[in-house]
Amino acid sequence: MTETGPPPGLVGYLDGTPVGWVALGPREVYPALERSRTLGPVDETAVWSVNCFVTRVGYRRQGVGDVMAQAAVQYARHPGVTVLEAYPYDAPASSAVDLYTGTSGMFTDWVEVARRRPHRPIVRLQLEQA
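Visitor: Is there a simple way to think about unusual backbone geometry in this case?
Guide: Comment: phi is negative for the bulk of residues other than glycine, and the bulk of peptide bonds are trans. You will see that Asp15, though not glycine, has its phi angle at about 50°, which is positive. By the element assignment, Asp15 lies in the loop between strand 1 (9-14) and strand 2 (17-26). A relative accessible area of 75% places Asp15 in the exposed class. Its identity as a non-glycine residue notwithstanding, Arg61 has a phi of 60°, on the positive side. By the element assignment, Arg61 lies in the loop between strand 3 (48-55) and helix 2 (64-76). The class of Arg61 is exposed, set by a relative accessible area of 87%.

Visitor: Can you walk me through the packing of aromatic side chains in this structure?
Guide: Pairs of aromatic rings are described using the distance from one ring centre to the other and the angle between the two planes. Scanning all chains against the criterion turns up 3 aromatic pairs. Arranged with centres 6.2 Å apart and planes meeting at 65°, the rings of Phe53 and Phe107 form a pair that is edge-to-face. Of the two residues, Phe53 sits in strand 3 while Phe107 sits in the loop between strand 4 (83-86) and strand 5 (111-117), which places them 54 residues apart along the sequence. Among the residues examined, Phe107 registers a relative accessible area of 4% and is labelled buried. Among the aromatic residues, those joined into a cluster by ring pairs are Phe53, Phe107 and Trp110.

Visitor: Can you help me understand helix 2 in this one?
Guide: The periodicity of an α-helix, 3.6 residues per turn, causes residues three or four places apart in sequence to face the same way. Under the 1.5 Å per step criterion, the end-to-end length of helix 2 is 18 Å for 13 residues, consistent within 8% with the ideal 18 Å. Packing partners of the buried residues in helix 2 comprise strand 1, strand 2, strand 3, strand 4 and strand 6 (120-126).

Visitor: Looking at this structure, how should I read the pattern of salt bridges?
Guide: A side chain with one charge can pair with a side chain of the opposite charge if their charged atoms come near. According to the stated counting rule, one finds 6 salt bridges in the structure shown. Put simply, Arg124 and Asp43 hold a salt bridge, and the shortest N to O gap is 3.0 Å. Of this pair, Arg124 sits in strand 6 while Asp43 sits in the loop between helix 1 (31-35) and strand 3, and the two are 81 residues apart along the sequence. Owing to a relative accessible area of 35%, Asp43 belongs among the partly exposed residues under this scheme. Where Asp90 meets Arg115, a salt bridge forms, and the shortest distance between an N and an O atom there is 2.8 Å. Of this pair, Asp90 sits in the loop between strand 4 and strand 5 while Arg115 is found in strand 5, placing the two residues 25 residues apart along the sequence.

Parameters and conventions
- One numbering rule holds for all chains: residues counted from 1, following each sequence as written.
- Totals for whole chains, interfaces and linings use every residue, but because this is a predicted model, local features are given only for residues with pLDDT of at least 70 and side-chain atom pairs only at 80 or more, for both listing and counting.
- To obtain the side-chain values, all non-hydrogen atoms of the structure were used and water was disregarded.
- In this description a helix means any DSSP run of H or I spanning at least four residues, a strand means any run of E spanning at least two, and both kinds are numbered starting from the N terminus.
- Exposure is judged per residue with a 1.4 Å probe applied to protein chains only, and the accessible area is read against the type maximum: over 50% gives exposed, under 20% gives buried, and values in between give partly exposed.
- Stacked, edge-to-face and tilted are the three classes for Phe, Tyr and Trp ring pairs, Trp counted by its six-membered ring, which pair at centre distances within 6.5 Å; planes under 30 degrees apart are stacked, over 60 edge-to-face, the rest tilted.
- To estimate the expected span of a helix, subtract one from its residue number and multiply by 1.5 Å.
- Every residue pair with non-hydrogen atoms within 4.5 Å of one another is taken to be in contact.
- Put simply, a salt bridge is a Lys or Arg side-chain nitrogen that is within 4 Å of an Asp or Glu carboxyl oxygen.

Laid out in structure tokens, this is it:
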């Protein structure tokens with residue numbers, strides 16, 4: 001449990017069993033993103049990053065990642081979060097490591113704002129505030 005700030009992610013359950021996890025939070029809490037040549041900041045926009053997915057073995061290829069991406073959007077709609085950013089892989093995966101940031105199919109309604117490597121777009125979703 002975190003003592004300050006937002007939680008580091010969300011856990012998805014199916015019939016009481018944890019089956020998925022997604023990391024999300026203010027971009028500045030992820031120093032590796034800040035330093036990355038591929039996924040570094042596009043501009044000065046304050047964004048929350050959706051940057052890591054884990055699906056439990058035995059539940060993969062069943063849409064868990066899609067549900068977790070949707071849950072991240074719903075969670076981030078609380079006041080103050082206006083832009084979400086994600087870093088999907090958009091080519092056939094050679095290993096599970098390629099997929100930890102999600103696939104492009106999970107972010108079809110998002111807008112590509114940068115692409116510094118052929119299979120690594122940076123996409124954003126503008127959130128409407130209530």
